[in-house]
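# Observations on the model geometry
Okay, here's what each chain looks like letter by letter:
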Amino acid sequence: MNQASNSWLNKPVNLNSFASIGSAVLIAGVVPIVLMVAPVLVDALMSGYHFTGPQGGSIITTELGGMALATIPGLLWANRPIWRIMGLLSLVLMAVMYFLSAFSLTPETLPILRFISGLAGGTVMSVILATISQSNNPDRNFGWWLVSQLVIGAIGLAIIPRLMSNFGLQGYYIFMGLVSIALLIPALNLPIGSPNLGSNINSTKPSSSFKIMALAGITMLGILCFCIGLNGTWIFMGQIGAGVGLTEINVGDTLSTASLFGILGAVSATFLGGRVGRLLPILFGIGLLIAALMFMHNAHGVTPYAVAAFMFKYSWTFTFPYLLAALSTIDRTGKLLVIANIVIGGGMSIGPMISGNMLGSGSSYTAITVMAMTAMTAAGVFLLPIWLRKKAAGEGEL
């Protein structure tokens, strides 16, 4: 019995196989579903369970916070051959927290349960990020990683409100608990650890190690700036539309269609892969984002606003896989991608915070687009050193 359990827990897998990458991509699409259905969940908590606005919002915040903080313990296991075990245990913990949440719908207990579930989900996502970073074609596979989240998120937005209208919030949590259990099957295809454990940053010369760590830090700053500019604008897209005279229906239809352009952007990155390197796609994507923000800055009417929104969503999802793939070239153990989890979460939180404070102090939505353009420009500058390092080393195009 023990030998049998050991065989499937420690059985090596081909990290570049369809089964391994496909399983990672599938799991990555399901675990962060709360990001997509957050408005529906908060509405259900407030209308059906007497949560206040801040209490309902805190349920989402604590879960996302748990996902980001999972990075910290992740640093302890990233260099050990226990990735698959951590993924499996975390999915089991997620399922337990979902089931307990279904019967603990109070402002006192639900935040605690969702925080623990967030920690488990963040651990799973860290395993997925590290896994994809080790693959032979991270550019393409990070593209599929994002496509999965967008497609499954869209399916979730179509299914989950109907599920909740028939079975309430309890039905949602029980359903997601069952889904978490089902994900244990594809999780068996995750690698047991990094194939490059012997070549981590700490094994290099001290001077070289310092340069690599500095490069990693600068690249992380680039990703942070990208996420700040991105979510600092996107979260207020509805209000920006209203500010240029659009109705709620106009805005809703536009942003719904923009989601399709988001899928198209990620698919484009997937099929382009690393054929033209990474610098050109990253600079193209950031340039297109800045152009979209400039277009939005001068948008008056439905058509200009829609064009800006479509450009914004396409360039966002086109660029993001290349940012993660660029980071994976610095450290082939996957450890930096685990750290990236908290950088991405931090940037996505800081952006709306900056924009909200700007609005609170009397700034306009125009000022927000200028802030986002500045952040995107800084992101492009911070990402140049990694390309210069590759060129200096004679390793070809980043």
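In the block above lies the structure referred to throughout.
Residues numbered from 1 in each chain as written. Predicted model: local features only at pLDDT ≥ 70, side-chain atom pairs only at ≥ 80, totals over all residues. Heavy atoms only, no water.

Tallying secondary structure elements over the protein chain gives 16 helices and zero strands in all. Against the compact-globule benchmark of 21 Å for 398 residues, the protein chain has a radius of gyration of 21 Å, which places it among compact chains. Structurally, the protein chain occupies a C-alpha span of about 60 × 55 × 35 Å along its principal axes. Within the protein chain, buried positions represent 49% of all 398 residues. (Helix = DSSP H or I, 4+ residues; strand = E, 2+ residues; numbered from the N terminus. Rg over C-alpha atoms; globule rule 2.2 N^0.38 Å. Buried < 20%, exposed > 50% of the residue type's maximum accessible area, 1.4 Å probe, protein only.)

Turning our attention to a nonpolar patch on the surface. Where nonpolar side chains cluster on the molecular surface, the patch consists of Phe-103, Ile-174, Leu-178 and Ile-181 and spans about 390 Å² of accessible area. Mapped onto the elements, Leu-178 comes out in helix α8 (residues 138–182). (Patch = residues over 30% accessible without salt bridge, like charges linked within 9 Å, V, L, I, M, F, W, Y side chains within 5 Å. Areas by Shrake-Rupley, 256 points an atom, 1.4 Å probe, with all protein chains shown as cover. Salt bridge = Lys/Arg side-chain N within 4 Å of Asp/Glu carboxyl O.)

Take the packing of aromatic side chains next. Per the stated rule, a full pass over the model turns up 13 aromatic pairs. Look at Tyr-98 and Tyr-173: their rings are 6.2 Å apart centre to centre, the planes differ by 35°, and that puts the pair in the tilted class. Note that Tyr-98 is positioned in helix α6 (residues 83–102) and Tyr-173 in helix α8, a separation of 75 residues in sequence. Judged by its relative accessible area of 2%, Tyr-173 is buried. Centre to centre, the rings of Trp-234 and Trp-316 are 5.6 Å apart; their planes meet at 70°, and the pair counts as edge-to-face. Separated by 82 residues along the polypeptide, Trp-234 in helix α10 (residues 206–234) and Trp-316 in helix α14 (residues 302–328) bring together distant segments of the chain. (Phe/Tyr/Trp six-rings, centres within 6.5 Å; stacked < 30°, edge-to-face > 60°.)

Moving on, we get to the pattern of salt bridges. Tallying each qualifying case throughout the model produces one salt bridge. A salt bridge links Arg-114 to Glu-63; its shortest N-O distance comes to 3.1 Å. Highlighted residues: Arg-114 in helix α7 (residues 110–133) and Glu-63 in helix α4 (residues 53–69), separated in sequence by 51 residues. The pair formed by Arg-114 and Glu-63 is uniform in burial state, with each residue classed as buried.

With that out of the way, let us pick up the packing of α7 against α8. At a minimum axis distance of 13 Å, the contact between α7 and α8 shows a crossing angle of 155°. Overall, the two elements α7 and α8 adopt an arrangement that is roughly antiparallel. The handedness of the crossing between α7 and α8 comes out as right-handed. Side by side, α7 and α8 meet where Leu-110, Arg-114, Met-125, Ile-128, Leu-129, Ile-132 and Ser-133 of the first sit next to Pro-138, Asn-141, Phe-142, Trp-145, Gln-149 and Tyr-173 of the second. In the contact of α7 with α8, the residues fall into nine nonpolar, three polar and one charged. (Axes fitted to C-alpha atoms, helices over the stretch in contact; angles between N-to-C directions. Parallel < 35°, antiparallel > 145°, perpendicular 65-115°, else oblique. Left-handed = near helix turned anticlockwise from the far one by under 90°. Contact = heavy atoms within 4.5 Å. Nonpolar A, V, L, I, M, F, W, Y, C, P; charged D, E, K, R; others polar.)

This part covers the packing of helix α2 (residues 18–30) against α7. As a packed pair, α2 and α7 sit with axes 10 Å apart at the nearest point and diverge in direction by 145°. Remark: the crossing between α2 and α7 carries left-handed chirality. Every residue of α7 that contacts α2 at Ala-24, Ile-27 and Ala-28 is listed here: Val-124, Met-125, Ile-128, Thr-131 and Ile-132. Here the contact of α2 with α7 is composed, by residue class, of seven nonpolar, one polar and no charged.

What follows covers the environment of Gln-55. Structurally, Gln-55 is set in helix α4. Each C-alpha atom, one on Gln-55 and one on Gln-170, is 18 Å from the other, the two residues being 115 residues apart in sequence. Apart from the residues within four sequence positions on either side, Gln-55 is in contact with His-50 and Pro-107. One polar contact links the side chain of Gln-55 to the main-chain amide nitrogen of Thr-52, over a distance of 2.9 Å. (Polar contact = N/O pair within 3.5 Å; in protein donor to acceptor, adjacent residues only side chain to side chain.)

Turning to helix α15 (residues 335–360), a few remarks are in order. Because each turn of an α-helix spans 3.6 residues, side chains separated by three or four positions in sequence point in the same direction. Look at α15: 38 Å from first C-alpha to last across 26 residues, which is about the 38 Å you get at 1.5 Å a residue. Taken as a whole, α15 has its buried residues at Leu-336, Leu-337, Val-338, Ala-340, Asn-341, Val-343, Ile-344, Gly-347, Gly-351, Pro-352, Ser-355 and Met-358. Backbone geometry just after α15 places Gly-362 at a positive phi near 100°. (Expected span 1.5 Å × (residues − 1).)

Let us now look at α14. Along its 27 residues, α14 runs 40 Å from first to last C-alpha, staying within 8% of the 39 Å computed at 1.5 Å per residue. Burial within α14 is extensive, with 21 of its 27 residues counted as buried.

Attention shifts here to the side chain of Ser-315. Among the structural elements, Ser-315 can be located in helix α14. For Ser-315, a relative accessible area of 0% gives the class buried.

Its location among the elements puts Asn-231 in helix α10. Note on Asn-231: relative accessible area 13%, which makes it buried. When near neighbours in sequence (up to four residues on either side) are disregarded, Asn-231 contacts Met-348 and Pro-352.

So, on to the nonpolar core. If you look at the biggest cluster of nonpolar residues, it comprises 101 residues, and the most contacted ones within it are Trp-145 and Tyr-172. With sequence-adjacent residues up to four places away left out, Trp-145 is seen in contact with Val-25, Ala-28, Met-125, Ile-128, Leu-129, Ile-132, Phe-320 and Leu-324. (Core = buried A, V, L, I, M, F, W, Y, C linked by side-chain atoms within 4.5 Å.)

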